[in-house]
Amino acid sequence: MALHRLYVEAGPPGLRAIAKGIRDDSSLGSTLNPSALGRILNGAVFPKGYALRTLSTWLAGEAQNHGTAAGEAEILRRTVEESWQQARPSPKKGTSGLGGAVPEHPGTASASPEKTRSDVPWSDARDERLVLGGMLLNKDVIADVVEHLRARDFSHSAHASIYETILDVYANGDPADAASISARLDKSVQVQADQSVQDYLDGLVAEARIANEIAELCAMRLVDRAFLRDLVLLGRRVDREHVSEVEADVDARATAMSTEMSLRRLLKQREEPDQGEFGWEGALDEIEAVNSRGIPTGGISTGFPRLDYVIGSLRPGQLVVVAGDHSMGKSTLALDFVRSCSIAQGLASVFFSCEMTDSEIRMRLLSAEGRVPLFRLRSGGLREEEWTRLARHFKLAAALLYIEDSPRLSMQDIRERSESLSARNDLRLAVVDCVQLVVAPDIDHDGPRSLARSLKQLARDLKIPVVVVSRLIAGTAARSERPPSLSDLEPSLLDEADVIILLHREDAHDKASPRAGEADLQVAKQRSGPTGVVTVAFQAHYSRFMPLEPTDPPTA
């Protein structure tokens, strides 16, 4: 009550003054911000050990500063801590100790295991017991439950251990009854102090006989509660790590983005079963898709049919590198991939540019789609038919094509924006131009390798192709007019890339070349297919490449 009066009398200014005093006291091991301090003094939350010691020590110090003897101040400190410990509510009889009531059931051998995962809300020991008892009673229940439930969904650690053991025994083809599970369980698993594991498992079976038909329903409830627990724990972590830093210089946007990323990972984790969502059925679906339309399920057409035939399109989870010498048209080719994805196929894509501005990129897209020379878009003097073509191709405004232009783009920026677009707009392709200008995640000698690995991980995590534009390494002047090779590429990209396309144009070095207006796309590396060269047309005035071959892919 005295502390509550202190809270009422202090008000926001007083709480800020107390928090500042605690922060400025170098003898204390931690700090408390005004918001957390207010919740503690108001009785809304009970402080953890470090917060309790910090507050009680500061109060005792203040008392001593205002004339209280050192011995009396120490007594005050101990009294505050002891009073708080006594005031902390203890679990009521018939509860799990985790904030949720556990209804007793007639004939049960025990209410719940003694050990639970600490500080976890919304546990339901009875549902957990019914699920486990049903699995021990009927192997068909195991097959039904395993589709939904994971060991981490159990709030009681002993129940999680029992569940994992049942699955291990079932997977080996052995009977998963109470006796065999008891024999297999680790001796460290503890249930009730006055009960053996065998008796506890027998009690689970006895309880499940009464409600054998609802084991799967109980399992689904456990999944829902586990998800709620994860959400609550995420909220607590955000409050502890970010919101509690009220007086610190915190970037609110960065905090929001970090929280959004954590929530998306949590949702993704819940959507994907442990055995992997692809499986044999997905493999057969991909084979059927390739044979029916030439592109695997989830694949993105490059816009060049013969290139699609060689590399099997831009596939989810792949890191694709487009590399070439300066002024070859690497960015133009990457934009062609984006045009094919978002305009021709109507799918969402994002183009990260460290070299061109948003306006420059849009000019190139308009030129390529409207067949209007790029120099005339920039300098003026458009003809009437060119205005007509531009108006006809203003469908670009409706395309799900997102542009991020920044000269100091970091890997964190790329990941956060890509994850956001993936969650909100079903992102299907990400392009990074150019990789050498991206700020590496680690500022050390391993920066390039770490960056390449992070880009590959992004493709895997979001299940999209990530295309990166790369320059050739310095010191290749001796290459002269010869086409580039893998040895001209950054080693880290060479290691991590699934597909490497080397771009070369003879007329870039020799304007009188008989192959003027042609470009070679050399598939120099591919993990899951052949290599080779695909020749395309280069229309520099329209800022685009075009296929030279017929639209139908060749038949082998």
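Conventions we followed
- Residues numbered from 1 in each chain as written.
- Predicted model: local features only at pLDDT ≥ 70, side-chain atom pairs only at ≥ 80, totals over all residues.
- Heavy atoms only, no water.
- Helix = DSSP H or I, 4+ residues; strand = E, 2+ residues; numbered from the N terminus.
- Buried < 20%, exposed > 50% of the residue type's maximum accessible area, 1.4 Å probe, protein only.
- Contact = heavy atoms within 4.5 Å.
- Expected span 1.5 Å × (residues − 1).
- Phe/Tyr/Trp six-rings, centres within 6.5 Å; stacked < 30°, edge-to-face > 60°.
- Core = buried A, V, L, I, M, F, W, Y, C linked by side-chain atoms within 4.5 Å.
- Patch = residues over 30% accessible without salt bridge, like charges linked within 9 Å, V, L, I, M, F, W, Y side chains within 5 Å.
- Areas by Shrake-Rupley, 256 points an atom, 1.4 Å probe, with all protein chains shown as cover.
- Salt bridge = Lys/Arg side-chain N within 4 Å of Asp/Glu carboxyl O.
- Polar contact = N/O pair within 3.5 Å; in protein donor to acceptor, adjacent residues only side chain to side chain.
- Pairing = 2+ DSSP bridges.
- Axes fitted to C-alpha atoms, helices over the stretch in contact; angles between N-to-C directions.
- Parallel < 35°, antiparallel > 145°, perpendicular 65-115°, else oblique.
- Left-handed = near helix turned anticlockwise from the far one by under 90°.
- Nonpolar A, V, L, I, M, F, W, Y, C, P; charged D, E, K, R; others polar.
- pLDDT = per-residue confidence, 0-100.

When helices and strands are counted, the protein shows 20 helices and nine strands. Per-residue burial for the protein yields a buried fraction of 46% across its 556 residues. The contacts in the protein between residues at least 6 apart in sequence include a share of 67% that link residues at least 24 apart.

The terminal C-alpha atoms of helix α18 (residues 411-425), which comprises 15 residues, lie 20 Å apart, in line with the 21 Å expected from a rise of 1.5 Å per residue. Within α18, burial applies to Met-411, Ile-414, Arg-415, Glu-416, Ser-418, Glu-419, Ser-420 and Leu-421. Of the residues one or two after α18, Asp-426 is the one with positive phi, at around 55°.

Attention now moves to the packing of aromatic side chains. Summed over all chains, the structure comprises three aromatic pairs. For the pair Phe-154 and Tyr-163, a centre-to-centre distance of 5.1 Å together with 45° between the ring planes defines the contact as tilted. By relative accessible area, Tyr-163 is classed as buried at 1%. Considering the side-chain rings of Phe-304 and Phe-337, the 6.5 Å spacing of their centres and the 75° angle between planes classify their relative orientation as edge-to-face. Taken together, the residues Phe-304 in the loop between α12 (279-293) and α13 (305-311) and Phe-337 in helix α14 (residues 330-344) connect sequence positions 33 residues apart. On the basis of relative accessibility, which here comes to 2%, the residue Phe-304 falls in the buried class. Exposure remark for Phe-337: the relative accessible area of 0% places this residue in the buried category.

Glancing now at the nonpolar core. Leu-307, Leu-314, Phe-337, Phe-351, Val-467, Leu-521 and Phe-545 are the most contacted members of the largest nonpolar core, which totals 40 residues. For Val-467, the contacting residues outside a window of four places in its chain are Leu-314, Val-320, Val-322, Phe-337, Leu-429, Ala-430, Val-431 and Val-432. Ranked by size, the runner-up nonpolar core spans 33 residues in total, among them Ala-348, Leu-421, Leu-455 and Leu-458.

Turning to a nonpolar patch on the surface, a few remarks are in order. On the surface, a nonpolar cluster with roughly 280 Å² of combined accessible area is contributed by Leu-228, Leu-231, Leu-263 and Leu-267. When contributions to the nonpolar patch are tallied by element, the ones reaching two or more residues are α10 (215-243) and α11 (252-271). Structurally, the position occupied by Leu-267 is in helix α11.

It is worth spelling out the side chain of Lys-456 at this point. Tracing the backbone shows Lys-456 in helix α19 (residues 447-462). By relative accessible area, Lys-456 is classed as buried at 13%. Within polar-contact distance, the side chain of Lys-456 engages the side chain of Asp-498 at 3.4 Å. When neighbours within four sequence positions are excluded, Lys-456 is seen to be in contact with Gly-317, Leu-319, Glu-496, Asp-498 and Arg-527.

Structurally, Thr-302 is set in the loop between α12 and α13. By relative accessible area, which is 0% here, Thr-302 ends up buried. At 3.1 Å, the side chain of Thr-302 forms a polar contact with the backbone nitrogen of Phe-304.

Here we come to the sheet that holds strand β5 (residues 466-471). Across a sheet, strands are paired by hydrogen bonds formed along the backbone, either parallel or antiparallel in direction. If you trace the nine strands from one edge of the open sheet to the other, you get β3-β2-β4-β5-β1-β6-β7-β8-β9, paired in mixed fashion. With one partner strand each, in any of the chains shown, β3 (401-405) and β9 (544-547) form the two edges of the open sheet. Sheet twist, expressed as the mean angle between neighbouring strand axes with direction ignored, is 25°. Direction of pairing for strand β1 (residues 319-324) relative to strand β6 (residues 499-504): parallel, over a ladder of five bridges. By the bridge assignment, Gly-324 is partnered in β6 with Leu-503. Together, β1, β2 (348-353), β3, β4 (427-433), β5, β6, β7 (518-526) and β9 form the strand contacts of α14, whose direction differs from that of β2 by roughly 160°. Across the sheet, helix α15 (residues 358-370) is in contact with β2, β3 and β9; its angle to β3 comes to roughly 145°.

With that settled, the discussion passes to the pairing of β7. Along β7, seven of the nine residues are buried, which leaves the element largely enclosed by surrounding structure. As defined by bridge partners, β6 adjoins β7 across six bridges and the pair is classed as antiparallel. Of the residues in β7, the one forming a bridge with Ile-501 is Val-523. Sheet topology places β7 next to strand β8 (residues 532-539); six bridges connect them, and they run antiparallel. Counted as the bridge partner of Val-523 is Gly-532 from β8. In this antiparallel pair of consecutive strands, β7 and β8, the connection spans five residues.

Attention now moves to α14. Each α-helix turn comprises 3.6 residues. Residues three or four places apart therefore point the same way. With 15 residues, α14 extends 20 Å between its outermost C-alpha atoms, agreeing within 8% with the 21 Å of an ideal straight helix rising 1.5 Å per residue. By the criterion of burial, α14 is predominantly enclosed, with 14 of the 15 residues buried. Where α14 terminates, the next one or two residues include Gly-346, which has phi positive at roughly 70°.

Our focus in this paragraph is the pattern of salt bridges. Applying the stated criterion across every chain yields a total of 16 salt bridges. Notably, a salt bridge pairs Lys-456 with Asp-498, separated by 3.4 Å at the nearest N-O pair. Of this pair, Lys-456 sits in helix α19 while Asp-498 sits in the loop between α20 (491-496) and β6; the two residues are 42 residues apart in sequence, bridging distant segments of the chain. Its relative accessible area of 9% is what places Asp-498 among the buried residues. With a closest N to O distance of 2.8 Å, Arg-505 and Asp-507 form a salt bridge. With respect to class, Arg-505 is no different from Asp-507; both count as buried. When salt bridges with common partners are traced through the structure, they connect Glu-506, Arg-515, Glu-518 and Asp-520 into a single cluster.

Between α14 and α15, the shortest axis-to-axis distance is 11 Å and the interhelical angle comes to 70°. Here α14 is positioned roughly perpendicular relative to α15, judged by the angle of their axes. Helix-helix and strand crossings are classified by hand; for α14 and α15 the assignment is right-handed. Of the residues in α15, those touching α14 at Thr-332, Leu-335, Arg-339 and Ile-343 are Ile-361, Arg-364, Leu-365, Ala-368 and Glu-369. Among the residues forming the contact of α14 with α15, the class breakdown is five nonpolar, one polar and three charged.

Scored by pLDDT, the protein has a mean of 75; 62% of the residues are at 70 or more. Taken together, the stretch residues 114-121 has pLDDT below 50 and engages in 28 contacts with residues farther than four places along the chain or on a different chain.

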